[in-house]
Amino acid sequence: MKTYQDMNHEELVSLHTQLLEQYNCMKALNLNLNMARGKPDFEQTELSLPILDVINSHYDFGDKIAYCNYGILDGIDEAKDFFAKMLDTNPQNMIIYGNSSLTIMFDQISRGYTHGYLGNTPWCKLPKVKFLCPVPGYDRHFAITEHFGIEMINIPLYEDGPDMDMIEEYVNHDESVKGIWCVPQYSNPTGTTYSDEVVKRFAQLKPAASDFRIFWDNAYIVHHLYDEHPQVLNILSECEKAGHPDLVFEFCSTSKVTLPGAGVAALATSLANKEDILKHMSVQCIGYDKINQLRHVEYFQKIESLDEHMKKQAALLRPKFETVLDIFEKELSGLNIGKWTKPRGGYFITFEAMDNCAKDIIQKCKEAGTLLTNAGATYPYGKDPRDATIRIAPSYPTLNELKKATKLFVLCVKLVSIEKLLVNKKMI
Ligand code: PLP
């Protein structure tokens, strides 16, 4: 099979004509599909609806009647136990919140900005504050740091984690670098899982700033697509071993375990950080939704049921990932017009198009009725320097819709790539 680069002008033009015909046929179908956001589909959320029956007006609260009232700021003990098992840490290091881990992350940045961590100068009083951002990454992380006017620095993300040489250089020498966003397991959007060596190097950082923190967003810690799966080394215990217990804020939630918007979110950190956070939280809140915390614990009972539950989620999600990957393999391999990740878990596949093609591919898909995440969204300030990265979210459409959307996507990749090649070779 010839790569597109090996084709001559006539071959490219004739292929373009054929593909354009197919594209126009698909356009005529008036599709209305969405592969833009990583939302579970209805069947996935349906798996968790029985959780709503666990606590009702007949529930015997017994000695837990305090859960019906204000208070218990750091969460109920049962939930601390449950989330500590999920994160493989100690219950005393946990704070259990409301429904969203993103809100906790926002609050943590906000506290650094207005009050400072553990007595450090609030960032708003400093001339410059910087954050490191492994890319491609999660757009909502970048939106938070941008919201606070924090300068974001791109760090390349490789197959085993971010570029640690670059991170060490910045963190260990630049006092204005105050944090880094990390999604260590099945990263959004590449599906990358950090290797043990990467986690150890994180723990051994010697930050120039005493208030530098690793924002370790373990959003996909239990979201394996396959029984055989990688497990990220425990960052909290690695940091403790390395003598830097306060270096990390670790976040997680059950948004994509049970019900997005009605799940439970949690943070794990050192006891010193926890005390500092609770001081601020006590001004902000009297206590989170302990009934929902209890509902989750009662529903799962033990951590093993969570594994069973996630296997059911995987059984729904896996065919969707495999559908996209099979179509990519069949339609695109050997053409040299794109690369894609093959995640073992999480919610996303990353497609890397030829340079300067992502925006046009996404626009072409949109014109034919299929929405993808905006080009550039996976980079700070919405700027993908190569305009090449496209985030694919296979979870929400039905399998049938997904097949159509992926076939359309592949057509758009081919069309745009040919158009760029013709322009680059000045063949038009
Ligand atoms: N973190 C990552 C990496 C995500 O991909 C998402 C959602 O897509 C979130 C956090 C949102 O988490 P939550 O629903 O707990 O706010």
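Read on for a plain summary of the structure. (Residues numbered from 1 in each chain as written. Predicted model: local features only at pLDDT ≥ 70, side-chain atom pairs only at ≥ 80, totals over all residues. Heavy atoms only, no water.)

1. Observations concerning the site of the ligand
- Around the ligand, the neighbouring residues are Ser100, Ser101, Leu102, Tyr138, Val183, Asn188, Asp217, Ala219, Tyr220, Ser253, Ser255 and Lys256.
- Contacts to the ligand include Tyr220, whose side-chain N or O atom sits 2.6 Å from an oxygen atom.
- Between the ligand and Lys256, the relevant distance is 2.7 Å, taken from an oxygen atom to a side-chain nitrogen or oxygen of the residue.
- When the ligand is considered free in solution it has 400 Å² of accessible area, and contact with the protein chains removes 87% of it.
- In this structure the site holding the ligand corresponds to the second largest pocket.
- Looking at the shell around the ligand residue by residue, the classes come out as five nonpolar, five polar and two charged. (Near = heavy atom within 4 Å. Polar contact = N/O pair within 3.5 Å; in protein donor to acceptor, adjacent residues only side chain to side chain. Areas by Shrake-Rupley, 256 points an atom, 1.4 Å probe, with all protein chains shown as cover. 1 Å grid on protein atoms, 1.4 Å probe; cavity = no way out; pocket = protein on both sides within 12 Å on 5 of 7 lines; lining within 4 Å. Sits in = over half its atoms within 2 Å of the grid points. Nonpolar A, V, L, I, M, F, W, Y, C, P; charged D, E, K, R; others polar.)

2. So, the nonpolar core
- Phe328, Phe351, Ile361, Ile392 and Phe409 are the most contacted members of the largest nonpolar core, which totals 53 residues.
- Counting residues per element, the ones that place at least two in this core are helix H1 (9–28), strand E1 (33–35), helix H11 (303–332), strand E11 (349–353), helix H12 (358–367), strand E13 (389–392) and helix H13 (399–424).
- If you tally residues by element for this core, the top one is H13, at 13 residues.
- Residue assignment places this core across two domains, with domain 1 (4–44 + 307–424) and domain 2 (61–301) each supplying three or more.
- Grouped together as the second largest cluster of nonpolar side chains are 52 residues, Val177, Val232, Ile235 and Ala266 included. (Core = buried A, V, L, I, M, F, W, Y, C linked by side-chain atoms within 4.5 Å. Buried < 20%, exposed > 50% of the residue type's maximum accessible area, 1.4 Å probe, protein only. Helix = DSSP H or I, 4+ residues; strand = E, 2+ residues; numbered from the N terminus. Domains from an automatic or database assignment.)

3. Some words on the layout of surface pockets
- When its volume is computed, the largest pocket comes out at roughly 680 Å³.
- Lining the largest pocket are 26 residues, and of these Pro136, Leu157, Thr190, Thr341 and Glu352 lie nearest its centre.
- Elements with a minimum of two residues in the lining of the largest pocket: strand E4 (151–158), strand E10 (338–340) and E11.
- Of all the elements, E4 adds the most residues to the lining of the largest pocket, at five residues.
- Among the residues making up the lining of the largest pocket, the classes are represented as 12 nonpolar, eight polar and six charged.
- Looking at which domains feed residues into the lining of the largest pocket, each of domain 1 (4–44 + 307–424) and domain 2 (61–301) gives three or more.
- The volume enclosed by the second largest pocket comes to roughly 550 Å³. (Points joined across faces, edges and corners; volume = space filled by probe spheres on them.)

4. Overview of helix H4 (residues 101–114)
- Taking 1.5 Å of rise per residue, 14 residues should cover 20 Å, and H4 covers 20 Å from first to last C-alpha, within 8% of that figure.
- Regarding H4, the residues found buried are Ser101, Ile104, Met105, Asp107, Gln108, Ile109, Ser110, Arg111 and Gly112.
- At the N-terminal boundary of H4, the capping side chain belongs to Ser100, with an oxygen 3.2 Å from the backbone nitrogen of Leu102.
- Among the residues trailing H4, Gly116 stands out with phi positive, at a value near 85°. (Expected span 1.5 Å × (residues − 1).)

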